Amino acid sequence: MTTIRLQTNQNRLIATLRHAFTQASMLGELLQNARRAKARHVHITAEDDTLTVSDDGEGIADLQTLICIAESGWDEDLKARENPFGIGVLSTLYFARSLRVHSLDKAFRATTAAIINGDDVEVISAPARIGTEIRLCGVEPPYKGPTLTEWIAQQLVRLCEAFPVRVTFNGTEFDRPLARPGLAWRDTPVGQVLIDLNGVPSQYRCYLQGLPIGGRPSSQYHQIVVLRDDMIARLPDRQHLLHEEQDGKRIEAAVAQAFRQELVEAKERLSGPEFLVLYASMCLSSSNADLLNDIPFAPRSWFRDWASEPPGFRTQWARFWDRQQAEGIAAREALQEAGVWSIDAEDDEDVPTAEVYLAARQAFLLEEHRLDGDHWLIGLTSFLDPAQIGIHHGPILHTEEGLSLNGDYLCLTLVDTLAVSFGNDAHEHSVAAIRSQGTLYVTRHADDVTRLISDYVFDDRYDEGREDEDAQAIATFIAVGCSDSPARVIGELLPSSWRYTKQPKLVGATVCLRFDDEGKLASVE
């Protein structure tokens, strides 16, 4: 009978693992070993291509465990708590020429090539010392530019952020901001969480056993999660969690709950207006909008600021680019008296019509759509249908049919007075311009009318030239309509460039223009 059994090509396995580590993960492993050895202080020095890491921990009783794959040598309690795998020092062998270890009263020194090849390494007696010193020679930064000293200093900033043990590099102790006493950590099922209400709960940074793990958040304002020690990192480099997708959901849920609790406590600590000013936006963006339901105030930023954002299509394009939100808050009683509105239009083309009316009466147009369904503002809000807007105007001064504006043919009508009303409300509000379907009504004082025509964005690009052309056409139309003599009409119709551009063939000329009964040019004499 033939039998087979699992075998390992040790040399090939060790050579292949080279691609699983980086110099950065090597530094993390050295720090991790010191922490597990219960060190209180880690000293790191770098000079030329030599890196030395020493600690005041318990030391290594059997140096064989240091270079034995999958045999960590840690006590049973630590093994059960942290699941060490026993490959920490292995990561150093790929990035150095030689390795020297001195722990307690034993030491060894060998080339890393000899260790990887499985050669015998002699352990010698050495002067007794506290803890362990590991010295690596022939270490180089992973990329050109910085010296070894500069590169290690850069890496330690990241590695030491939450590291629980003091770390000194070339005589200077590194700051460990997340290890400072007095931080407001919250206990959760996945570990401890430090909440920053300036950041959203979905942006967080994780640390496992004192070292960063997983990706970095894109925002400088984010949450901090120090995971339970028994959570398992993915081998061999331990840069990600083993069950990243499953654990990620648990972490997200824990952070979200801690974030909400932080908001609840802030709400209890602050007055209603103060809480709104500081955290209303964060409540809305973090699925905690219900915390705003019982506060009898509303930020003015939830409503249209007509002074900085007049009615018109441009708001649809520029709202999140250059919008200036109104400051301050409004009391519930004031909003009840003034009324709160929302536009209910079947066609987006009709929205500016409704906006003109609301701006004329300086109404509160609710533009925050992330409110909880039980927020008191929802019950106060009236819906405005643009079809119910009534347009009232005085004598017509001038009309032009089929004027091409932004590619659409509109009827442009200049009127002496213009007002709008809503539904059965007899009260009229004066306006300078309004568009109703295919007709654009303007008064002689109308300005910035192109807002009522288009946002002038085509293929995600703003066409300033086209808007300027339409603005000039409307200005000319109004000027012509307001002119009280044929000569002034001609003056308005002629290109303004004629006043500044020399025309040698017209020097001293007098030209007679004759028009027919319909006002069309009949001849030039």
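Please refer to the structure placed before this passage.
Residues numbered from 1 in each chain as written. Predicted model: local features only at pLDDT ≥ 70, side-chain atom pairs only at ≥ 80, totals over all residues. Heavy atoms only, no water.

Engineer: I keep staring at the pairing of strand β13 (residues 223–227) and nothing clicks. Help me out?
Structural biologist: On a regular strand, one side chain projects to one face of the sheet and the next to the other, so that they alternate. Counting buried positions over the five residues of β13 gives four, a clear majority of the element. Relative to β13, strand β11 (residues 204–208) runs parallel, the two being bridged by five bridges. Note that in β13 the partner of C206 across the bridge is V225. (Buried < 20%, exposed > 50% of the residue type's maximum accessible area, 1.4 Å probe, protein only. Helix = DSSP H or I, 4+ residues; strand = E, 2+ residues; numbered from the N terminus. Pairing = 2+ DSSP bridges.)

Engineer: Got a minute to help me understand the nonpolar core in this structure?
Structural biologist: Burial of nonpolar side chains together is a common tendency in soluble globular proteins. Ranked by size, the top nonpolar core spans 45 residues in total, and within it L31, I44, L51, L99, L136 and I152 carry the most contacts. Counting residues per element, this core draws most heavily on helix α2 (residues 23–36), at six residues. Apart from the residues lying within four places of it in its own chain, the contact partners of L31 are V42, I44, L156, L159, F163, V167 and L211. By size, the runner-up hydrophobic cluster in this structure holds 42 residues, among which are L197, Y279, M282 and L377. (Core = buried A, V, L, I, M, F, W, Y, C linked by side-chain atoms within 4.5 Å. Contact = heavy atoms within 4.5 Å.)

Engineer: Any chance you could explain the pairing of strand β3 (residues 98–103) here in plain terms?
Structural biologist: Within β3, five of the six residues are buried, which leaves it mostly tucked inside the rest of the structure. Strand direction decides the pairing type here: β3 and strand β4 (residues 106–111), joined by six bridges, are antiparallel. Paired with H102 across the bridge in β4 is A107. The antiparallel pairing of β3 with β4 creates a hairpin that spans two residues between the two strands, and L104 there sits at a positive phi of about 55 degrees.

Engineer: Is there a simple way to explain the packing of aromatic side chains in this structure?
Structural biologist: We describe a pair of aromatic rings using the distance from one ring centre to the other and the angle between the two ring planes. Taken as a whole and assessed by the stated rule, the structure comprises six aromatic pairs. Residues Y94 and F95 carry aromatic rings whose centres are separated by 6.5 Å and whose planes lie at 80 degrees to one another, so their mutual orientation is edge-to-face. What makes Y94 buried here is its relative accessible area of 5%. Residues F169 and F174 carry aromatic rings whose centres are separated by 6.4 Å and whose planes lie at 55 degrees to one another, so their mutual orientation is tilted. (Phe/Tyr/Trp six-rings, centres within 6.5 Å; stacked < 30°, edge-to-face > 60°.)

Engineer: Hey, could you run me through the sheet that holds strand β20 (residues 396–405) in this one?
Structural biologist: Two strands in a sheet stick together by hydrogen bonds in their backbones, pointing the same way (parallel) or opposite ways (antiparallel). Reading across from one edge, β20-β21-β25-β24 is the order of the four strands in this open sheet, with mixed pairing throughout. Edge positions in the open sheet fall to β20 and β24 (433–436), since each of these has one partner strand only. Averaged over all adjacent pairs, the angle separating strand axes in this sheet is 20 degrees, with direction ignored. Bridging between β24 and strand β25 (residues 439–442) involves four bridges; their strand directions are antiparallel. The partner of S436 across the bridge, within β25, is T439. Contacts from helix α12 (residues 464–482) reach β20, β21 (408–415) and β25, with the element oriented near 155 degrees to β20. (Axes fitted to C-alpha atoms, helices over the stretch in contact; angles between N-to-C directions.)

Engineer: Please clarify how a negative patch on the surface should be interpreted in this entry.
Structural biologist: A cluster of acidic residues, D344, E346, D347, D348, E349, D385 and D408, forms a negative patch on the protein surface. Mapping D344 onto the fold places it in the loop between β16 (340–343) and α10 (351–360). (Patch = residues over 30% accessible without salt bridge, like charges linked within 9 Å, V, L, I, M, F, W, Y side chains within 5 Å. Areas by Shrake-Rupley, 256 points an atom, 1.4 Å probe, with all protein chains shown as cover. Salt bridge = Lys/Arg side-chain N within 4 Å of Asp/Glu carboxyl O. Lys, Arg positive; Asp, Glu negative; His and termini not counted. Charge placed at Lys NZ, Arg CZ, Asp CG, Glu CD.)

Engineer: Explain the sheet that holds β13 to me, please; I cannot follow it from the model alone.
Structural biologist: Taking strand neighbours across the sheet as the criterion, the five strands line up as β9-β10-β13-β11-β12 in an open arrangement whose pairing is mixed. Taken across any chain shown, the strands that pair with only one partner, and hence form the sheet edges, are β9 (185–188) and β12 (211–213). Ignoring which end each strand starts from, the neighbouring axes of this sheet average 30 degrees apart. Across four bridges, the pairing between β9 and strand β10 (residues 191–194) is antiparallel. Bridged to D187 within β10 is Q192.

Engineer: Just to check I follow, could you spell out unusual backbone geometry for this structure?
Structural biologist: Peptide bonds are, in most cases, trans, and in most cases residues other than glycine have a negative phi. Within the chain, S287 stands out as a residue other than glycine whose phi angle is a positive 60 degrees. The residue S287 is located in the loop between α7 (272–285) and β14 (297–299) in this model. With a phi angle near 65 degrees, D460 is a residue other than glycine that sits in the positive phi range. Mapped onto the elements, D460 comes out in the loop between β26 (457–458) and β27 (461–462). Residue classification places D460 among the exposed residues on the basis of a relative accessible area of 76%.

Engineer: What is the right way to look at the environment of D56 in this model?
Structural biologist: When you line up the elements, D56 lands in the loop between β2 (50–55) and α3 (76–82). Expressed as a C-alpha distance, the spacing of D56 and S497, which sit 441 residues apart in the sequence, is 85 Å. If we ignore the near neighbours within four places in the chain, the residues touching D56 are A39, R40, H41, I130 and G131. Within the local environment of D56, its side chain forms a polar contact with the backbone nitrogen of H41, the two atoms lying 3.1 Å apart. (Polar contact = N/O pair within 3.5 Å; in protein donor to acceptor, adjacent residues only side chain to side chain.)

Engineer: Could you clarify how one ought to interpret the packing of α2 against helix α5 (residues 148–159) in this entry?
Structural biologist: What describes two packed helices is the angle between their axes and the distance between those same axes. The interhelical angle for the contact between α2 and α5, taken along N-to-C directions, is 60 degrees, at an axis separation of 11 Å. Relative to α5, the element α2 lies oblique. Relative to α5, the crossing made by α2 is right-handed. Here Q23, A24, L27, G28 and L31 of α2 lie close against α5, whose contacting residues are W151, I152, Q155, L156, R158 and L159. Per-class residue counts for the contact of α2 with α5 are seven nonpolar, three polar and one charged. (Parallel < 35°, antiparallel > 145°, perpendicular 65-115°, else oblique. Left-handed = near helix turned anticlockwise from the far one by under 90°. Nonpolar A, V, L, I, M, F, W, Y, C, P; charged D, E, K, R; others polar.)

Engineer: Mind showing me how you'd approach the packing of helix α6 (residues 244–269) against α7 here?
Structural biologist: For the pair α6 and α7, the least separation of the axes is 11 Å and the interaxial angle reads 160 degrees. Considering their axes alone, α6 and α7 lie roughly antiparallel with respect to each other. Note on packing geometry: the crossing formed by α6 with α7 is left-handed. Between α6 and α7, the residues in contact are F259, L263, A266 and K267 and F275, Y279, M282 and C283, respectively. Considering only residue class, the contact of α6 with α7 consists of seven nonpolar, no polar and one charged.

Engineer: Would you explain the side chain of S98 in this entry?
Structural biologist: By the element assignment, S98 lies in strand β3. Among residues more than four places away in sequence, those in contact with S98 are A110, T111, T112, R135, L136 and C137.

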